[in-house]
Amino acid sequence: MSSTLTYAVHDSLTMLRRNVKHAVRYPAVSLGSSMLPILMLLLFVYAFGDAIGSGMGGGRGDYLEYLVPGVIVMGVAAGAMSTSIAVCSDMTEGIINRFRTMNITRSSFMTGHVIGSVLQTMVSLVLVMGVALALGFRPDANPLEWLAAAGFLAAVAFAVTWLSVALGLISKTVESASNKPLLVQFLPFLGSAFVPAGSMAPGLRWFAEHQPFTPMTETLRGLLTGSAIGDDGWISLAWCAGIALVGYLWSRSLFNSTTKR
């Protein structure tokens, strides 16, 4: 049992190194997921910041404090596309056939993708945070809260990445793999990332309050700005655990059905 686990860890690290090398070799693709949240941040701050901020009882600066946590969570969702594309590329370009001839642990293919994608997502979030700080965002978090925020974002990225792996496995082409994660990327817009859920129309407000990215956004907002977290913390972690489990089981089933045992 211990030797099997050792081989699995070793093979997963090998696949991780492969994915990291791809990320370093093609930085534009790897960091492309940070462009959407950065563009959204600039757009909403400078185009709509004064209007939305005044509607929320403040100004552009107050809206920036509200907006940044939601944009960071959106950055995690934006990383789903690159993961789905990378998995689909491996499945359709023949590399899996080469892996079949090698004495490697079958699960290491997916594990390497997941860990590598989580690391890439965290790097892209550092870029988003850097832009936010340059725009004037000043979080109130202490070192422990920063550490908790980083761990929480890693948990969200881990869950979303497993779901993205499954979406990549069911895709027949890279084009379809780039389209399937769009719903995941769009969900933060229908939550409390940009405006409070309570300000939405009744039907949309109900959906915003019960979808996963709203408690995730509120949890991160509480960690960074000191607002109340309440039940959103454990609800977010429950969502993360559920999404990760579904994504893992779905991915394993798909991978086993498309490769020889």
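Predicted model, so just to flag it, every value in this text is computed and none were measured. (Residues numbered from 1 in each chain as written. Predicted model: local features only at pLDDT ≥ 70, side-chain atom pairs only at ≥ 80, totals over all residues. Heavy atoms only, no water.)

**Thoughts on the overall build of the chain**
Then comes step 1: Check the secondary structure of the chain and you find 13 helices and 0 strands.
Then comes step 2: Secondary structure of the chain in N-to-C order comes out as α-α-α-α-α-α-α-α-α-α-α-α-α.
Then comes step 3: Here the chain, with 261 residues, has 46% of them falling under the buried criterion.
Then comes step 4: Considering only contacts within the chain whose residues lie at least 6 apart along the sequence, 79% involve residues at least 24 apart. (Helix = DSSP H or I, 4+ residues; strand = E, 2+ residues; numbered from the N terminus. Buried < 20%, exposed > 50% of the residue type's maximum accessible area, 1.4 Å probe, protein only. Contact = heavy atoms within 4.5 Å.)

**Quick word on the side chain of His 113**
Then comes step 1: Following the sequence through the fold, His 113 ends up in helix H7 (residues 108-135).
Then comes step 2: For His 113, a relative accessible area of 3% gives the class buried.

**Section: the side chain of Ser 164**
Then comes step 1: By the secondary structure assignment, Ser 164 is in helix H8 (residues 143-169).
Then comes step 2: Its relative accessible area of 1% is what places Ser 164 among the buried residues.

**Some words on the nonpolar core**
Then comes step 1: Among the nonpolar cores identified, the biggest contains 54 residues, and Leu 41, Leu 67, Ile 72, Phe 194, Phe 213, Leu 220 and Leu 224 are the most heavily contacted of them.
Then comes step 2: With 13 residues, the single largest contributor to this core is helix H5 (residues 60-92). (Core = buried A, V, L, I, M, F, W, Y, C linked by side-chain atoms within 4.5 Å.)

**Some words on the pattern of salt bridges**
Then comes step 1: Taken as a whole and judged by the stated rule, the model has 2 salt bridges.
Then comes step 2: Ionic pairing is found between Arg 60 and Asp 50, a salt bridge with its closest N-O pair at 3.0 Å. Taken together, the residues span a long stretch of sequence, with Arg 60 in helix H5 and Asp 50 in helix H4 (residues 49-55) at a distance of 10 residues.
Then comes step 3: What makes Arg 60 partly exposed here is its relative accessible area of 31%.
Then comes step 4: The closest approach of N and O atoms between Glu 218 and Arg 221, which form a salt bridge, is 2.6 Å. (Salt bridge = Lys/Arg side-chain N within 4 Å of Asp/Glu carboxyl O.)

**Let's talk about the packing of H7 against H8**
Then comes step 1: Following both chains from N to C, one finds H7 and H8 inclined at 130°, their axes separated by 8 Å at the closest point. Taken together, the axis directions place H7 and H8 in an arrangement best described as oblique. Along this stretch, H7 crosses H8, giving a crossing that reads as right-handed. Across the interface between the two elements, Met 110, His 113, Val 114, Ser 117, Val 118, Thr 121, Met 122, Leu 125 and Met 129 of H7 pack against Trp 146, Ala 150, Leu 153, Ala 154, Ala 157, Phe 158, Thr 161, Trp 162, Val 165 and Leu 169 of H8.
Then comes step 2: Partitioned by chemical class, the residues of the contact of H7 with H8 number 15 nonpolar, 4 polar and no charged. (Axes fitted to C-alpha atoms, helices over the stretch in contact; angles between N-to-C directions. Parallel < 35°, antiparallel > 145°, perpendicular 65-115°, else oblique. Left-handed = near helix turned anticlockwise from the far one by under 90°. Nonpolar A, V, L, I, M, F, W, Y, C, P; charged D, E, K, R; others polar.)

**Some details on the packing of H8 against helix H12 (residues 213-225)**
Then comes step 1: Between H8 and H12, the least distance of the axes is 9 Å, while the angle of their chain directions is 160°. With respect to H12, the axis of H8 lies roughly antiparallel. For H8 against H12, the interelement crossing comes out left-handed. On the side of H8, the interface is formed by Glu 145, Trp 146, Ala 148, Ala 149, Phe 152, Leu 153, Val 156 and Val 160, while H12 contributes Phe 213, Met 216, Thr 219, Leu 220, Leu 223 and Leu 224.
Then comes step 2: Taken together, the residues of the contact of H8 with H12 sort by class into 12 nonpolar, 1 polar and 1 charged.

**Section: the environment of Leu 204**
Then comes step 1: Positionally, Leu 204 belongs in helix H11 (residues 202-210).
Then comes step 2: It is 8.9 Å that separates the C-alpha atoms of Leu 204 and Gly 191, two residues lying 13 residues apart in sequence.

**Describing H5**
Then comes step 1: Between the first and last C-alpha of H5 there are 47 Å, a value that for 33 residues agrees with the 48 Å anticipated at 1.5 Å per step.
Then comes step 2: At Leu 67, H5 shows its strongest bend, of approximately 30°, with the proline Pro 69 following within four residues. (Expected span 1.5 Å × (residues − 1). Bend = angle between axes of the 7 residues up to and from the residue.)

**What about the environment of Phe 48?**
Then comes step 1: Within the secondary structure layout, Phe 48 lies in the loop between helix H3 (35-46) and H4.
Then comes step 2: What makes Phe 48 partly exposed here is its relative accessible area of 36%.
Then comes step 3: The spatial distance from the C-alpha of Phe 48 to the C-alpha of Tyr 63 is 9.4 Å, given a sequence separation of 15 residues.
Then comes step 4: With near-sequence residues (within four places) excluded, Phe 48 lies in contact with Leu 43 and Gly 53.

**Examining the packing of aromatic side chains**
Remark: the centre distance and the inter-plane angle together describe each pair of aromatic rings, the angle taken between the planes.
Then comes step 1: Enumeration according to the criterion identifies 7 aromatic pairs in this entry.
Then comes step 2: Three or more aromatic residues link up through ring pairs in this structure, and these residues are Phe 44, Phe 48, Phe 186, Phe 189 and Phe 194.
Then comes step 3: In this structure, Arg 221 is placed above the aromatic ring of Tyr 66, and the distance from its NZ or CZ to the ring centre is 3.6 Å. (Phe/Tyr/Trp six-rings, centres within 6.5 Å; stacked < 30°, edge-to-face > 60°. Lys NZ or Arg CZ within 6 Å of the ring centre and 35° of its normal.)

**Some words on the confidence of the model for the chain**
Then comes step 1: The predicted model of the chain has a mean per-residue pLDDT of 85, with 83% of residues at 70 or higher.
Then comes step 2: Summarising per-element confidence for the chain, the mean pLDDT is lowest in helix H2 (residues 27-30) (62) and highest in H12 (96). (pLDDT = per-residue confidence, 0-100.)

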